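Listed below, chain by chain, are the residues.
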Amino acid sequence: MIRKVRQHITQNEDLIFERSSPGKIGYQLPSLDVPEVDPAKALGAAHVRAEIEDAPEVSEVEVIRHFTRLSTWNYAIDLGMYPLGSCTMKYNPRVNELVARIEGMAWPHPYQPDSVSQGAMEVIARLEQALLAITGLDAVTLQPAAGAHGEFTGILLVRALLESRGNPRKRILVPDSAHGTNPATAMMAGYSVMNIKSNAKGLLDVEQLAKIVDDNVAALMVTNPSTLGVFEENIVQCAEILHAKGAMLYMDGANMNALVGLARPGDFGVDVMHINLHKTFSTPHGGGGPGGGPVAVKSHLAPFLPIPRLARVGDQWSWNYDLPQSIGRVRAFYGNFGVLVRALAYIMAHGGNGLRNATLDALLNANYLRYKLAPYFDLPYDSPNMHEVVFSDERQAKKGVRTGDIAKRLIDYGFHPYTVSFPTIVHGALMMEPTETESKRELDLFIDAMISISKEAEDEPEKLKSAPHLTRTTRVDETGAARRPILRWQPDKTASKAAD
Amino acid sequence: LRYLPKSDSERQEMLAACGFSRAEDLYRQLPDQALIHQPLDIEPGKSEYEIIDYFRDQSARNANGYASFLGAGVYNHYRPVIADVVVSRGEFLTSYTPYQAEISQGTLTAIFEFQTMICQLTGMDVANASMYDGSTAVPEAAMMAVRITGRNKILAARTVHPEYREVLRTSLRYQGLPVSEFGYDAKSGLLDLADLESKLDDDTAAVIVQSPNFFGIVDQVEEAARIAHKKGALLVLVFAEAVALGILEPSEGADIVAGELQSFAISPSYGGPFAGIIATRDKHLRQVPGRLVGETTDTHGNRAFCLTLSTREQHIRREKATSNICTNQALIALMATVFLELYGKAGLRELALQNLSKAHYLASKLKPRFTGPFFNEFVASGNGRSVGDINEDLLGQKIIGGLPLARFYPELENTVLLCATEMTKRQEMDHVAEAFTK
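Every value quoted in this text rests on a predicted model; they were computed, and no experiment measured them.

**Observations concerning the pairing of strand 4 (residues 217-223) of chain A**
Residues and elements named next belong to chain A.
Consideration 1: Of all the 7 residues making up strand 4, 7 are buried; the element is thus mostly covered by neighbouring parts of the structure.
Consideration 2: Alignment of strand 2 (residues 171-175) against strand 4, held across 3 bridges, turns out to be parallel. Each bridged residue has a counterpart across the sheet, and for Leu173 the counterpart in strand 4 is Leu220.
Consideration 3: Two elements, strand 4 and strand 5 (residues 248-253), share 5 bridges in a ladder whose sense is parallel. In the sheet register, Val222 faces strand 5, and the bridge partner there is Met251.
Consideration 4: Handedness of the crossover joining strand 4 and strand 5 through helix 9 (residues 235-244) is recorded here as right-handed.

**Notes on the packing of aromatic side chains**
Residue and element names in this part refer to chain B.
Consideration 1: A complete count under the given rule lists 29 aromatic pairs over all chains for this structure.
Consideration 2: Consider the rings of Tyr184 and Phe370, whose centres lie 5.8 Å apart with planes at 90 degrees: the pair is edge-to-face. A residue pair is termed long-range when its members are at least 10 positions apart, and Tyr184 in the loop between strand 4 (179-182) and helix 8 (193-199) and Phe370 in the loop between helix 11 (330-365) and strand 11 (377-381) qualify at 186 residues. For the residue pair Tyr184 and Phe370, the accessibility class agrees, reading buried in each case.

**A few points about the pattern of salt bridges**
Consideration 1: Considering all chains together, one arrives at 48 salt bridges over all chains under this definition.
Consideration 2: Arg69(A) is paired through a salt bridge with Glu13(A); the nearest N and O atoms lie 2.9 Å apart. With Arg69(A) in helix 2 (residues 60-71) and Glu13(A) in the segment before helix 1 (39-43), this pair connects stretches of sequence that are 56 residues apart. Like Glu13(A), Arg69(A) is buried.
Consideration 3: We note a salt bridge from Glu43(B) to Arg126(A), for which the minimum N-O separation is 3.6 Å. Note that Glu43(B) is positioned in the loop between helix 1 (8-17) and helix 2 (48-60) and Arg126(A) in helix 5 (residues 118-135), a pairing that runs across two chains.
Consideration 4: Residues participating in the shared-partner salt-bridge network are Glu97(A), Arg101(A), Arg342(A), Arg79(B) and Asp84(B).

**Let's talk about the confidence of the model for chain B**
Consideration 1: In this model, chain B carries a mean pLDDT of 97, and residues with pLDDT of at least 70 account for 100%.
Consideration 2: Model confidence for the complex is summarised by a pTM of 0.97, with the ipTM given as 0.98.

**Points about the sheet that holds strand 13 (residues 403-404) of chain B**
All names here are of chain B.
Consideration 1: Strand order in the open sheet made by the 3 strands is 11-14-13, with antiparallel pairing throughout. The strands lining the two open edges of the sheet, one partner per strand, are strand 11 and strand 13.
Consideration 2: Pairing geometry for strand 13 and strand 14 (residues 415-419), over 2 bridges, is antiparallel. In the sheet register, Leu403 faces strand 14, and the bridge partner there is Leu417.

Criteria and thresholds
- Residues numbered from 1 in each chain as written.
- Chains lettered and ligands numbered in written order.
- Predicted model: local features only at pLDDT ≥ 70, side-chain atom pairs only at ≥ 80, totals over all residues.
- Heavy atoms only, no water.
- Buried < 20%, exposed > 50% of the residue type's maximum accessible area, 1.4 Å probe, protein only.
- Helix = DSSP H or I, 4+ residues; strand = E, 2+ residues; numbered from the N terminus.
- Pairing = 2+ DSSP bridges.
- Right-handed = clockwise from strand over helix to strand, strands pointing away.
- Phe/Tyr/Trp six-rings, centres within 6.5 Å; stacked < 30°, edge-to-face > 60°.
- Salt bridge = Lys/Arg side-chain N within 4 Å of Asp/Glu carboxyl O.
- pLDDT = per-residue confidence, 0-100.

Set out below in structure tokens:
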């Protein structure tokens, strides 16, 4: 039975271009207090466009209705649980939004003098200190814009250090359970990728690692807890194997939400890691960004961090560009400052103990899901899990129902799906991360929904294969979209109107 | 803690359901060496009021209520109120990347409109769903050109934003893709086309130019494109001041456009978050990095949108992906989308005209260092005074002066890059002019 939702009316809405008519406006500029310049004279007639062809002409009320209507077609954390594994979709506190919009936070120009930017720099310094306390590492850059960007920065740091020792080496080791960004990053940093197989527990295979780590290996990129949600129990030995051969341990911090206040990567052998502020530290995902991807390192990598670095000179903060071994910039200015503000506000709200308590609740929620759902779904690896749990669709597949079908049916029950078919080491994976900000009631509703779907898979599998049924938009033709890409609206080509 | 929706008795009940007796059981498997044995060195949790107070205090230590003449890639433009109203809706703010199309049509439709308007503005056929910012879009465009041409050298104009060029160098250094630079004409500030021609060779994948360039000058993009194409290289056109697109003729010759949208309702925020774009011609579609939204239908035949062509991306292709980018700047791109729809056809033009007019008013009182045509920024010399002194004087009057250029261009000692926008008042410009002539 579906308990969490029932249907309600949603508004139809055209594309904005279809609401446009010549002469409508949604703006007003102040009257010009200087003489108007003729653009053809100032820039040369050849440089001046006649008009922006097909650009919309609409009023303010139409714009606000347009986006409000569109917004109601989205699922969101504010509507309920979002159990995407490794995505850490937790509540986004609104005070964080408020403080990021205070004038002195939202409007500083990155090139304004340091003397009138001390507050912004103080915020950056305080976040740096908190992240070092949390990771147990020695230095951090806040410049990378997101997780994958942080990975790239981190691997460049490894490369720069190894190069300074005379040999950048050739390979990065990536477990088969890793996120796709890891191998893509290694390539961008000029390394070849060697995929390594997980052991029977889905974890790093220490014996195999000892055999393959040689002086051609620059680093191992490992997600810990792994994408199975399992802490790499041999992480310390793995670090020792790597370090003995002069290679480094890179940690993908996507799953750091399992460790904050509990365990520090710096203590278990990690040399360099990135942190996803938009996961662990609750800065809003916003439908796919912005994020923040700080990179924290042990002291041997610190000289190579991107410029500029924050420095204390007397009683003032200043930006230090004089770092001869630095890899250079990875982004203009100082990173996604507005995201940093939100992350710091999150950390301040929790405090040291609060962060640990949040972690414990994240572990509790994931374990609760595991124990409640294990009777209904196949659990391919039975190691103790941390903040997420991965099932497989093995039982349901016998009826032809796959993880993607279960996920789509979950939508009818009022939930966003879990992560589908990842990690790929689990055939037909259902990867669930509830996070700490779900109540027992919301979890129970989710558990009920999953159990109900598991029964439907037995009794009426066809219902799942064509789900969702109750949404305004039913299953979309993704194959068709890729076969004949339409990536922009054009006045003559878009025949159909919005859903009627 | 107010963000954790559980009572202690519920915790106990849940622990018991898992067969645990205490919270410590939840991490019993961790090796002792990994465990923390003392509390994190972070102050105890604070109330909402204390948090707001802290950020207000820090805000007060930053410039507040100053007039600013800084541009250089980050511009002081008005942000319509409804941009924040829209992005503050929880359905946009707290949703994930729209992989589940059936419950993400709001975000997907908005991105489709975004892609459309970026095409309209740039004159390109395809635009992606956003990059992190302008600076990181540039190396992505360069790598695209490398994949398309099969060549390995990049040639960038020195008038491309200096920090974008730094990011370009960092990003390409280890991929065997050498980056070199060509100059600008010392008098006009325009591209030195002869220098470009002399440095181009058969291994050059891309020529990268910016217009308006870092000095604010509307540059000779078509000439550069012709020269690049003659040698079989692509032309990558960069923009940092998106407002200029409202008045500038889209480039005929550019193959890839990479730019920064901060000017479209995105607050300066001490340098980010912003949103970058990559746009290109249809024939290069398969080499575009990042996410793309396409139109399709659902099982009822209704128009619907979804993420598409993901076989280019890291989560499918892993080490063979066009880029490692995953998270991009969706919410920031949404601000720009709201802005573009509000201003629309007439507003974007009028806004550009106001910027042009303001900067030309200011320039009429000073002597621009270069003769090339400029949009809303120009370079001015100290006119006998040290630009440091000028800026110091202005700061005393709560005016942040132009950016001294010597840090990026040693040959432009004692010059500043000044910017005026629709937010700049005539009186403030008169003050600046006075400071230069004192």
